[in-house]
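Below are the chains, spelled out letter by letter.
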Amino acid sequence: MRLAVFASGEGTNFQAILDAIDAGTLPAEAVCCVSNTPDAGALSRAKHHNVPTEVIAPASFDTAASFGHALLDALRAYDVTFVALAGYMQKIPPTVVEAYRGSMTNIHPALLPAFGGQGMYGMHVHRAVLEYGVHWTGATVHLVDEEYDHGPIVLQEPVPVYADDTPDALADRVREVEHQLYPEALRLFAEDRVHQDGRTIRIEDAAPRRSPTDSD
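Fair warning: this is a prediction, and the values are worked out from it, not measured in the lab. (Residues numbered from 1 in each chain as written. Predicted model: local features only at pLDDT ≥ 70, side-chain atom pairs only at ≥ 80, totals over all residues. Heavy atoms only, no water.)

Colleague: What should I look at first to understand the packing of helix H1 (residues 12-23) against helix H6 (residues 167-190) in this one?
Modeller: Packed helices, taken two at a time, are described by their axes: the angle between them and the distance between them. The geometry of H1 relative to H6 is characterised by a closest axis approach of 9 Å and an angle of 50° between their N-to-C directions. Considering the angle they form, H1 stands oblique to H6. For the pair H1 and H6, the sense of crossing is right-handed. Taking contact as the criterion, the partners of Thr12, Asn13, Ala16, Ile17 and Ala20 in H1 are, on H6, Arg175, Glu178, His179, Tyr182, Pro183 and Leu186. The class makeup of the residues in the contact of H1 with H6 is six nonpolar, three polar and two charged. (Axes fitted to C-alpha atoms, helices over the stretch in contact; angles between N-to-C directions. Helix = DSSP H or I, 4+ residues; strand = E, 2+ residues; numbered from the N terminus. Parallel < 35°, antiparallel > 145°, perpendicular 65-115°, else oblique. Left-handed = near helix turned anticlockwise from the far one by under 90°. Contact = heavy atoms within 4.5 Å. Nonpolar A, V, L, I, M, F, W, Y, C, P; charged D, E, K, R; others polar.)

Colleague: Could you clarify how one ought to interpret the nonpolar core in this entry?
Modeller: A general tendency of soluble globular proteins is for nonpolar side chains to be buried together. Core analysis: the largest hydrophobic core is formed by 45 residues, its most contacted members being Ile17, Val154, Tyr182 and Leu186. The biggest single contributor to this core is H6, with nine residues. Non-local contacts of Ile17, meaning those with residues more than four positions away in its chain, are made with Leu3, Val5, Leu26, Tyr182, Pro183 and Leu186. Grouped together as the second largest cluster of nonpolar side chains are 23 residues, Ala4, Val31, Cys32 and Tyr100 included. (Core = buried A, V, L, I, M, F, W, Y, C linked by side-chain atoms within 4.5 Å. Buried < 20%, exposed > 50% of the residue type's maximum accessible area, 1.4 Å probe, protein only.)

Colleague: Help me understand H6 in this model?
Modeller: Residues that lie three or four places apart on an α-helix share one face, since the helix turns once every 3.6 residues. Taking 1.5 Å per residue as the helical rise, H6 with its 24 residues ought to reach 34 Å, and the 34 Å between its terminal C-alpha atoms agrees with that figure. Within two residues after H6, Asp192 carries a phi angle of roughly 60°, on the positive side. (Expected span 1.5 Å × (residues − 1).)

Colleague: Please clarify how the sheet that holds strand E2 (residues 29-35) should be interpreted in this entry.
Modeller: Paired through backbone hydrogen bonds, the strands of a sheet run either parallel or antiparallel to each other. Here we have seven strands laid out as an open sheet, ordered E3-E2-E1-E4-E5-E6-E7, and mixed in their pairing. Whereas interior strands pair on both sides, the edge strands pair on one side only; in this sheet they are strand E3 (53-55) and strand E7 (153-160). For this sheet, the mean inter-axis angle between neighbouring strands, taken without regard to orientation, is 20°. Sheet analysis places strand E1 (residues 2-6) next to strand E4 (residues 82-85), joined by four bridges and oriented parallel. Note on E4: the bridge partner recorded for Leu3 is Phe82. (Pairing = 2+ DSSP bridges.)

Colleague: What am I meant to see in the packing of H1 against helix H2 (residues 41-48) here?
Modeller: At a minimum axis distance of 9 Å, the contact between H1 and H2 shows a crossing angle of 20°. As far as their axial angle goes, H2 and H1 are roughly parallel. In terms of crossing hand, the pair formed by H1 and H2 is right-handed. Residues Thr12, Phe14, Gln15 and Leu18 of H1 form the contact with H2, whose own contacting residues are Ala42, Arg45 and Ala46. Taken together, the residues of the contact of H1 with H2 sort by class into four nonpolar, two polar and one charged.

Keep in mind that these numbers describe shape and distance, not what the molecule does.
Here it is as structure tokens:
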């Protein structure tokens, strides 16, 4: 797997991916980090790990199509075979989605389809979870399609919501799960164990996932 990671922020999920590659638990090579902003902390993490970086700002282009062509040119230059969105705050142009359909994932800090869609990212999600009063939230890794947070779900992991939770405290617990879940999902793709049938994802030789209601 020749992996490109797209990130707009601090890049903690990108760091988790890099750590998994370094530990030998993710059979992939991070060949580039792409951001839409030059101030992204993820770019510093990439440079620390000698991963090439590309800053491609959509505001520099007249149309979404030309922005998409620039992204594709960069991905082809690094011979990218898989794209992982990790806190990338920009909608992916349709041409890029089509070129990497089935080979592009995103991680979302809730149990989709709940608390997803346009405008639902980062702390906005955790505030909405607390305002709604649900007892469980979590993290979701899904394939990317043309709609926000809509592609087929690959893996999910639940996180309990406590009565005295704050958005920051909840975000910290969800983030811990994200850092385990995303490298695990990418490993499944790298090992060619993910099979798609419409919106249904089947994991080859998958171990049973623990239910939050299971007892020890």
